[in-house]
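So the chains spell out like this:
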Amino acid sequence: MCRHLAHVGPTPVTLASLLTEPPHALLVQSYAPTDMRGGGTVNADGFGVGWYVRDLLSDSSEDHARTALYRRDDPMWTDASFLDLAAAVETTALVAAVRSATVGMPVSTAACAPFRADGRLFSHNGVVRGWPHTMADLAATLAPVDLLTLDAATDSALLWALVRARLAAGKDPADALAGVVADTLAAAPGSRLNLLLGDGEQIVATAVDHALSYRTHPDGAVTVASEPLDLDDAWVAVPDGSLLAARPGTPHDPPAVTVTAL
Ligand code: GLN
């Protein structure tokens, strides 16, 4: 099963400080994950990172949620150029993932998270049981054009379209994720649904049958990840069946992190 990570903070950090440098960085989780529940041994079917472009974030007259997206359908460890880029690029917020494709689903760049739309970045770690048949009724609630423009023929891409539909209908990000989890579990019981959504200013995430942890940093930043990036005591395991919402603080104000039952 895939591994994913999101970060939001008051000060820029390099992509490498989260994705490649820590002892159990996402890079290491791509070839040696330690808490893969429900199958899969490595996450070698591609990877992606979307990050917020700092200069535009600070200019409210511009699109405040301008992102850059880098995705590949190769293992992260084979992409020397990415490892180089990651050490040089800084951001205050990102969403990243390494993929282990569910059997029967395509291996392609477009199937790699994060998925992006309207300044938001989304990742799904898990599987929808009985895909695609169990999701036919939920898919039919989408506008035909949303189905015709799915990022990929995968459960994760459909979940993203369902989340987007709720956001477009005015739901806040936490309600949108919780609603999609509830509807999907009703349609496809036993699904594994760790969803992760960032907009540059906050992170919302669910833990449904997969590992998830978070930590806060002294400068007010928050990192959410499938597996802790190191052995620091600051990591907190998120209980199964939870919804997490996190906003960064400052060196003087702690971040706001809430974990509630779904
Ligand atoms: N089912 C999704 C996919 O195939 C996510 C896979 C995973 O979490 N391993 O893309």
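Per an unreviewed UniProt entry, the chain carries the name Gamma-glutamyl-hercynylcysteine sulfoxide hydrolase and comes from Actinomycetospora straminea. The UniProt entry for the chain carries the following text under Catalytic activity (unreviewed entry): "gamma-L-glutamyl-hercynylcysteine S-oxide + H2O = S-(hercyn-2-yl)-L-cysteine S-oxide + L-glutamate". Among the UniProt annotations of the chain, the heading Pathway (unreviewed entry) holds the following wording: "Amino-acid biosynthesis; ergothioneine biosynthesis."

## Concerning the nonpolar core
Phe122, Leu159, Val163 and Leu197 are the most contacted members of the largest nonpolar core, which totals 30 residues. Elements that contribute at least two residues to this core include exactly strand 5 (115-117), helix 5 (136-139), helix 7 (155-168), helix 8 (173-187) and strand 7 (192-198). In terms of residues, this core owes the most to one element, helix 7, which gives eight residues. Those residues in contact with Phe122 that sit more than four places away from it in its chain are Ala113, Pro114, Phe115, Ser156, Leu159, Trp160, Val163, Leu177, Leu195, Leu196 and Leu197.

## Some words on the site of the ligand
Taken together, twelve residues lie around the ligand, and Cys2, Arg99, Ser100, Thr102 and Gly126 are the ones closest in. Take Cys2: an N or O atom from its main chain is 2.6 Å from a nitrogen atom of the ligand. Ser100 places a main-chain nitrogen or oxygen 2.7 Å from a nitrogen atom of the ligand. Here the ligand, which alone exposes 300 Å², has 99% of that area covered by the protein. Of all the elements in the fold, those that place two or more residues in the shell around the ligand are strand 6 (120-127) and helix 7. In terms of residue count, the dominant contributor to the shell around the ligand is strand 6 (three residues).

The rules we used
Residues numbered from 1 in each chain as written. Predicted model: local features only at pLDDT ≥ 70, side-chain atom pairs only at ≥ 80, totals over all residues. Heavy atoms only, no water. UniProt positions renumbered as here; feature names shortened; annotations may be inferred. Core = buried A, V, L, I, M, F, W, Y, C linked by side-chain atoms within 4.5 Å. Buried < 20%, exposed > 50% of the residue type's maximum accessible area, 1.4 Å probe, protein only. Helix = DSSP H or I, 4+ residues; strand = E, 2+ residues; numbered from the N terminus. Contact = heavy atoms within 4.5 Å. Near = heavy atom within 4 Å. Polar contact = N/O pair within 3.5 Å; in protein donor to acceptor, adjacent residues only side chain to side chain. Areas by Shrake-Rupley, 256 points an atom, 1.4 Å probe, with all protein chains shown as cover.

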